[in-house]
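If you want the building blocks of each chain, they are given just below.
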Amino acid sequence: MRENIHPDYHEITVIMTDGTEFVTRSTYGKPGAKLHLDIDPKVHPAWTGMHRMVDRGSQLAKFNKRFAGISGKKEDAAASAAEAPKAGIKLTTTGKSEKKNK
């Protein structure tokens, strides 16, 4: 086995979301480093059974901002179409049947 190719495996302190701590061994950081968890088994929906929106890096805020006007309801679609400005543009389709009549 080659020497000096493996990372240093040492003790670190893991701090849970509720402030509890435990010591484990890891390659994270330097000996004695502290790892603060954002999500742990005490608050994660997979273990608690409760759904909770977790907004990490503002991804949820970006999504809500981008798709705020989309709801999928027919009433909302009709209202937004009525609010749209009328630019005086007439939409027409040119199908084969119209060309034959000319």
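## Looking at the overall build of the protein chain
Right, so step 1: A count of helices and strands for the protein chain gives 4 helices and 3 strands.
Right, so step 2: Along its sequence from the N terminus, the protein chain presents helices and strands in the succession β-β-β-α-α-α-α.
Right, so step 3: For the protein chain, the proportion of its 102 residues judged to be buried stands at 9%.
Right, so step 4: In the protein chain, of all internal contacts separated by at least 6 residues, the share reaching a separation of at least 24 is 7%.
Right, so step 5: In the form shown here, the protein chain has an accessible surface area of approximately 9,500 Å², with 55% of it arising from carbon and sulfur atoms.

## Section: the sheet that holds strand β2 (residues 21-26)
Right, so step 1: Taken together, 3 strands build an open sheet; the order of strands is β2-β1-β3 and the sheet is mixed. Two strands bound the open sheet, and with one partner strand each, they are β2 and β3 (34-36). If you compare each strand with its neighbour and ignore which way they point, the axes differ by 35° on average.
Right, so step 2: Of the pairings in the sheet, the one linking strand β1 (residues 10-15) to β3 comprises 3 bridges and is parallel in character.

## Brief notes about the packing of aromatic side chains
Right, so step 1: Summed over the entire model, instances satisfying the criterion amount to 1 aromatic pair.
Right, so step 2: The interplanar angle of 45° and the centroid separation of 4.9 Å between the aromatic rings of F63 and F67 together place this pair among those described as tilted.

## Brief notes about the environment of G32
Right, so step 1: Along the polypeptide, G32 turns up in the loop between β2 and β3.
Right, so step 2: G32 sits 19 residues away from T13 along the chain, and the two C-alpha atoms are 6.6 Å apart.

## Comments concerning the pairing of β1
Right, so step 1: Burial analysis of β1 places 5 of its 6 residues in the buried class, the great majority of the element.
Right, so step 2: With 6 bridges joining them, β1 and β2 adopt antiparallel strand pairing. Each residue of the ladder has a partner; that of H10, found in β2, is S26.
Right, so step 3: Counting the residues that bridge the hairpin from β1 to β2 gives 5 residues, and of these G19 lies at a positive phi of roughly 100°.

## Thoughts on a nonpolar patch on the surface
Right, so step 1: On the surface, a cluster of nonpolar side chains totalling about 320 Å² of accessible area is made up of F63, F67 and I70.
Right, so step 2: Take F63: it is sitting in helix α2 (residues 59-66).

## Some remarks on the confidence of the model for the protein chain
Right, so step 1: Of the residues in the protein chain, 61% have a pLDDT of 70 or more, and the chain-wide mean is 74.
Right, so step 2: Looking at the elements of the protein chain, mean pLDDT is at its lowest for helix α4 (residues 96-101), recorded as 52, and at its highest for β1, recorded as 95.

About the cut-offs
Residues numbered from 1 in each chain as written. Predicted model: local features only at pLDDT ≥ 70, side-chain atom pairs only at ≥ 80, totals over all residues. Heavy atoms only, no water. Helix = DSSP H or I, 4+ residues; strand = E, 2+ residues; numbered from the N terminus. Buried < 20%, exposed > 50% of the residue type's maximum accessible area, 1.4 Å probe, protein only. Contact = heavy atoms within 4.5 Å. Areas by Shrake-Rupley, 256 points an atom, 1.4 Å probe, with all protein chains shown as cover. Pairing = 2+ DSSP bridges. Axes fitted to C-alpha atoms, helices over the stretch in contact; angles between N-to-C directions. Phe/Tyr/Trp six-rings, centres within 6.5 Å; stacked < 30°, edge-to-face > 60°. Patch = residues over 30% accessible without salt bridge, like charges linked within 9 Å, V, L, I, M, F, W, Y side chains within 5 Å. Salt bridge = Lys/Arg side-chain N within 4 Å of Asp/Glu carboxyl O. pLDDT = per-residue confidence, 0-100.

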